[in-house]
Amino acid sequence: MSHDVKKLPVLDASCYSMCMDILEVIRNRSTAKSFDGRPVDTKVMDRILEAARLAPSAKNRQAWRFVAVGKEDSKKVLREACYGDERMMNAGYVVAACTTNIRYTMPNGQPSHPLDLAFAVSFMCLQAEHEGLGTAILGTYDERTVKDLLTVPHAMQVVLLLAVGHRTDEPGFQERLPSDRVISYDHW
Ligand SMILES: Cc1cc2nc3c(=O)[nH]c(=O)nc-3n(C[C@H](O)[C@H](O)[C@H](O)COP(=O)(O)O)c2cc1C
């Protein structure tokens, strides 16, 4: 059966609330531009980290470690590592998504570790959104400073940082390309 994406139904709000809970969470998530500095409940943070632990990874290797940073002093260092990004200070936690092995390349030629970590960070973003918290994914930091702070072994990498907190900015949707530009069935 082939699908014409142009004919996909537009889902109205009632449909989302009844049957599209996950898609609704996905649609509502956006990058937080600022946080208010309030702490994040540790039980909530545990659930967000649990979402990372349960994420899929190539061959289920789980070659990862998630370091949640909540101490003020450490967050100050992260702010420096992120070139002054105040979200590091005002997030409740900043999670360093680290790889413990970068040697596995999948049969398709792609290295698995950035993908594995991206899935884990995505899952954390969605759980945080579901918990009513904001997130910001960051690839803009000096990795050496982060590694020194968190005592990450030399051979490991910090692939992404994820700030989690109570956002102060208005959640906003950044436009995406239309479905007929990025999705097709059966051929390019
Ligand atoms: C791999 C990756 C790295 C990113 N790095 C940064 C970053 O360093 N700083 C930042 O402010 N946002 C960063 N972002 C957030 C993106 O800019 C953002 O997701 C994109 O503009 C879409 O906006 P939205 O998240 O609000 O939907 C990153 C996102 C991804 C997926």
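Please refer to the structure placed before this passage.
K.L.:
I tried to follow the environment of Ala120 on my own but got confused; where do I start?
P.N.:
Within the secondary structure, Ala120 is located in helix H6 (residues 113–130). Ala120 sits 71 residues away from Leu49 along the chain, and the two C-alpha atoms are 8.9 Å apart. Setting aside anything within four residues of it in sequence, one finds Ala120 in contact with Ala52, Ala55, Trp64 and Phe66.

K.L.:
I tried to follow the sheet that holds strand S4 (residues 157–165) on my own but got confused; where do I start?
P.N.:
Either a parallel or an antiparallel arrangement is found when strands of a sheet pair, and the pairing is made through backbone hydrogen bonds. Spatial ordering of the open sheet is given by S1-S2-S4-S3, a layout of four strands whose pairing is antiparallel. Edge positions in the sheet fall to strand S1 (64–69) and strand S3 (134–138), since each of these pairs with one other strand and no more. Recorded for the sheet is a direction-independent mean angle of 20° between the axes of neighbouring strands. Bridging between S1 and strand S2 (residues 93–99) involves six bridges; their strand directions are antiparallel.

K.L.:
Sorry, what's going on with helix H7 (residues 143–150) here?
P.N.:
Inspection of H7 places Val146, Lys147 and Leu150 among the buried residues, and these make up the whole buried set. All buried residues of H7 fall inside an arc of 100° around its axis, so they share one side. Along H7, exposed side chains directed more than 90 degrees from the buried face belong to Arg144 and Asp148. Those residues of H7 hidden inside the fold are in contact with S1, helix H4 (72–81), S2 and S4. Two residues or fewer past H7, Thr151 is found with a positive phi of approximately 50°.

K.L.:
How should the pattern of salt bridges be read in this particular structure?
P.N.:
In a structure, side chains of opposite charge can pair up when their charged atoms sit close to one another. What the rule picks out here adds up to eight salt bridges. Between Glu131 and Arg47 there is a salt bridge, and its shortest N-O distance comes to 2.6 Å. On the criterion of sequence distance, the pair formed by Glu131 in the loop between H6 and S3 and Arg47 in helix H3 (residues 42–53) is long-range, its members being 84 residues apart. Glu80 is the partner of Arg79 in a salt bridge, and the nearest nitrogen-oxygen pair spans 3.9 Å. Relative accessible area serves as the criterion here: at 54%, Glu80 is assigned to the exposed category. One salt-bridge network, held together by shared partners, links Arg79, Glu80 and Glu86.

K.L.:
Please explain the pairing of S4 as it appears in this structure.
P.N.:
On any regular strand, side chains alternate: one points to one face of the sheet, the next to the other face. Judged by how many residues are buried, S4 sits mostly within the fold: seven of nine residues are covered. Both S2 and S4 contribute to a ladder of seven bridges, which runs antiparallel. When the bridges of S4 are listed, Tyr93 appears paired with Val164. One ladder, built from five bridges, connects S3 with S4; its direction is antiparallel. Bridge pairing in S4 places Ile137 opposite Leu162.

K.L.:
Help me understand the environment of Thr140, please; the structure alone is not making it clear to me.
P.N.:
Within the secondary structure layout, Thr140 lies in the loop between S3 and H7. Taking the C-alpha atoms as reference points, Thr140 and Leu160, separated by 20 residues in sequence, lie 8.5 Å from one another. Once residues within four sequence positions are removed from consideration, Thr140 is found in contact with Ala81, Cys82 and Tyr83.

Analysis parameters
Residues numbered from 1 in each chain as written. Predicted model: local features only at pLDDT ≥ 70, side-chain atom pairs only at ≥ 80, totals over all residues. Heavy atoms only, no water. Helix = DSSP H or I, 4+ residues; strand = E, 2+ residues; numbered from the N terminus. Contact = heavy atoms within 4.5 Å. Pairing = 2+ DSSP bridges. Axes fitted to C-alpha atoms, helices over the stretch in contact; angles between N-to-C directions. Buried < 20%, exposed > 50% of the residue type's maximum accessible area, 1.4 Å probe, protein only. Arc of directions from axis to C-beta. Salt bridge = Lys/Arg side-chain N within 4 Å of Asp/Glu carboxyl O.

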